[in-house]
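# Topology and contacts: notes
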Amino acid sequence: MRYLTFALAKGRLAKKTLALFEQIGITCEEMKDESTRKLIFVNEELKLKFFLSKATDVPTYVEYGAADIGVVGKDTLLEEGRDLYEMMDLGFGKCRMCVCGPESAREKLMHNELIRVASKYPHIAKDYFYNEKMQTVEIIKLNGSVELAPIVGLSEVIVDIVETGSTLRENGLTILEEICPLSARMVVNQVSLKMEQQRIRNLINALSKLPQYKTERKDGNE
Ligand code: PRP
């Protein structure tokens, strides 16, 4: 039997993914050692391999088949636009992609003014403003701490992730428009889904039977 390889987005999502897999009997003890510098972890018994990568690289590994399966946020999937199958909403890592800025920028959004939009997600920002709002804007790519942009006068608004809203609040900014809800997704390489159909289906079936996913279907809550 060949190894089934998982690419996980480093950080909180990976931790939650491993906790989820433990619920269906998939464990990887050596991955829990926070001090390790190892990059790839193996479960010999189940013939599984796991590796951690930067979130933005997960769709790349999966599209090229270097990983059969990936777990990554919907924000990254939308931004990267890779060819892969999105198989399951895992329901954690919930947040929203929003247009944010000072209250004073609301007017500018309403009147289709030519404004500057700073974002770590230039494709999502472009798609929203050009294809949904039909508003011509100038998009400026940043790599983090995007909330700074409207404060220091780089842009009128930002397109960014809002989770608790505390970063916005503490910096005098607010949500002006909501673009879409986000959460962690399981994605699969297109060839792997054919070649390893049974193992991948078994994994998804086992996850779907967990109580958190049953409840989600019934009343739409977490
Ligand atoms: C994300 C996002 C916001 C913040 C939102 O930043 O870009 O800045 O979290 O979370 P909140 O609504 O709970 O305050 P992240 O921590 O990933 O850092 P970076 O964007 O500055 O790299």
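The structure this text deals with has already been given above.
Now for a quick tour of the structure.

Calculation notes
Here the residue numbers are simple positions, counted from 1 along each chain's written sequence. Two thresholds apply to this predicted model, a pLDDT of at least 70 for residue-level local features and 80 or more for giving and counting side-chain atom pairs, whereas whole-chain, interface and lining totals are computed over all residues. Where side-chain values are given, they derive from all heavy atoms of the structure, hydrogens and water being excluded. Each salt bridge in this description consists of a side-chain nitrogen of Lys or Arg and a carboxyl oxygen of Asp or Glu lying within 4 Å of one another. The helix count covers DSSP runs of H or I at least four residues long, the strand count covers runs of E at least two residues long, and both are numbered beginning at the N terminus. Buried means the residue's accessible area, taken with a 1.4 Å probe over protein chains only, is under 20% of the maximum for its type, while exposed means over 50%, and partly exposed covers the values in between. Exposure above 30% relative accessible area and the lack of any salt bridge qualify a residue for a patch; like charges then connect within 9 Å, and the nonpolar side chains Val, Leu, Ile, Met, Phe, Trp and Tyr within 5 Å. Values of accessible area rely on a 1.4 Å probe in the Shrake-Rupley scheme; residue burial ignores everything except the protein chains shown. For two strands to be treated as a pair, DSSP must find no fewer than two bridges joining them. Fitting a line to C-alpha atoms yields each axis, with helices limited to the stretch in contact; the angle taken between N-to-C directions then spans 0 to 180 degrees. Contact criterion: two residues are considered in contact whenever any of their non-hydrogen atoms come within 4.5 Å of each other. Positive charges come from Lys and Arg alone, negative charges from Asp and Glu alone, with His and the N- and C-terminal ends not counted. Where a charge lies is defined by one atom per residue type, namely NZ (Lys), CZ (Arg), CG (Asp) and CD (Glu).

### Focus on the pattern of salt bridges
Pairs can form between side chains of opposite charge once their charged atoms are near each other. Here the structure, examined in full by the defined rule, presents 14 salt bridges. One salt bridge in this structure joins Glu-196 and Arg-2, with 3.1 Å as the shortest N-O distance. You can see Glu-196 sitting in the loop between helix 8 (190-195) and helix 9 (197-208) and its partner Arg-2 sitting in the segment before strand 1 (4-9), a full 194 residues away along the chain. Given a relative accessible area of 11%, Glu-196 falls into the buried group. Residue Lys-15 pairs with Glu-34 through a salt bridge whose shortest N-O separation is 3.6 Å. Placement of the pair is Lys-15 in helix 1 (residues 12-23) and Glu-34 in the loop between helix 1 and strand 2 (40-43), with a sequence separation of 19 residues. Residue classification places Glu-34 among the exposed residues on the basis of a relative accessible area of 66%. Through salt bridges with shared partners, a single network forms among Arg-2, Asp-68, Glu-196 and Arg-199.

### Re a nonpolar patch on the surface
On the surface, a nonpolar cluster with roughly 360 Å² of combined accessible area is contributed by Leu-148, Ile-151, Val-152 and Leu-154. Its location among the elements puts Val-152 in helix 6 (residues 148-152).

### Focus on the sheet that holds strand 1
Strand pairing within a sheet occurs via backbone hydrogen bonds; the two strands may be parallel or antiparallel. Pairing is mixed in the open sheet, where six strands are placed in the order 2-3-1-4-11-5. The sheet is open, and its two edges are formed by strand 2 and strand 5 (85-89), each paired on a single side. The mean angle between the axes of side-by-side strands here comes to 25°, regardless of whether they run parallel or antiparallel. Its contacts with the sheet put helix 9 on strand 1, strand 3 (48-53), strand 4 (69-73), strand 5 and strand 11 (184-188), and the angle it makes with strand 5 is roughly 25°.

### Structural notes on a positive patch on the surface
Among the surface-exposed residues, Lys-10, Arg-37, Lys-54, Lys-120 and Lys-141 lie close enough to one another that they form a single positively charged patch. Within the secondary structure, Lys-141 is located in strand 8 (residues 138-141). With a relative accessible area of 47%, Lys-141 lands in the partly exposed category.

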